[in-house]
Amino acid sequence: MKAHEVMKILQISRSTLLRWRKEGILKANKLPSGQYDWDEDSVYALINKGEKRGVYLYA
């Protein structure tokens, strides 16, 4: 997940995003290009207050 997507979902600034990465609130993997790939599970866990994200199929 890209940084701008995370900032839009969480409605936070770039400085908050980077601070939360340093504090370990959000997880990110550093790519060889120097950019970060943000972990979707940690983003949605923050939104859902720690509950796991469920997948539901309706027919």
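Refer to the structure printed above.
Computed from a predicted structure; not experimentally measured. (Residues numbered from 1 in each chain as written. Predicted model: local features only at pLDDT ≥ 70, side-chain atom pairs only at ≥ 80, totals over all residues. Heavy atoms only, no water.)

### Examining the overall build of the protein
Then comes step 1: If you tally the helices and strands in the protein, you get three helices and two strands.
Then comes step 2: What you see in the protein, going N to C, is helices and strands ordered as α-α-β-β-α.
Then comes step 3: With the C-alpha coordinates aligned to their principal axes, the bounding extent of the protein is approximately 40 × 25 × 20 Å.
Then comes step 4: Within the protein, residue pairs in contact and separated by at least 24 positions form 31% of the contacts whose partners lie at least 6 positions apart.
Then comes step 5: Where the 11 positive side-chain charges of the protein centre and where its 7 negative ones centre are 6 Å apart. (Helix = DSSP H or I, 4+ residues; strand = E, 2+ residues; numbered from the N terminus. Contact = heavy atoms within 4.5 Å. Lys, Arg positive; Asp, Glu negative; His and termini not counted. Charge placed at Lys NZ, Arg CZ, Asp CG, Glu CD.)

### Here we look at the nonpolar core
Then comes step 1: Grouped together as the largest cluster of nonpolar side chains are 11 residues: Met1, Ala3, Val6, Met7, Leu10, Ile12, Leu17, Trp20, Leu26, Trp38 and Val43.
Then comes step 2: Taken together, the elements giving at least two residues each to this core come down to helix 1 (3–10) and helix 2 (14–23).
Then comes step 3: Tallying contributions element by element places helix 1 first for this core, with four residues.
Then comes step 4: Non-local contacts of Ile12, meaning those with residues more than four positions away in its chain, are made with Met7, Leu17 and Trp20. (Core = buried A, V, L, I, M, F, W, Y, C linked by side-chain atoms within 4.5 Å. Buried < 20%, exposed > 50% of the residue type's maximum accessible area, 1.4 Å probe, protein only.)

### Description of helix 1
Then comes step 1: Buried within helix 1 are the following residues: Ala3, Val6, Met7 and Leu10. One side of helix 1 carries all its buried residues, which in axial view fall inside an arc of 100°. Residues of helix 1 that are exposed and point over 90 degrees away from its buried face: His4 and Lys8.
Then comes step 2: Among the structural elements, helix 2, strand 2 (36–38) and helix 3 (40–47) are those in contact with the buried residues of helix 1.
Then comes step 3: Gln11 occupies a position one or two residues after helix 1 and carries a positive phi of about 55°. (Arc of directions from axis to C-beta.)

These figures capture arrangement, not role.
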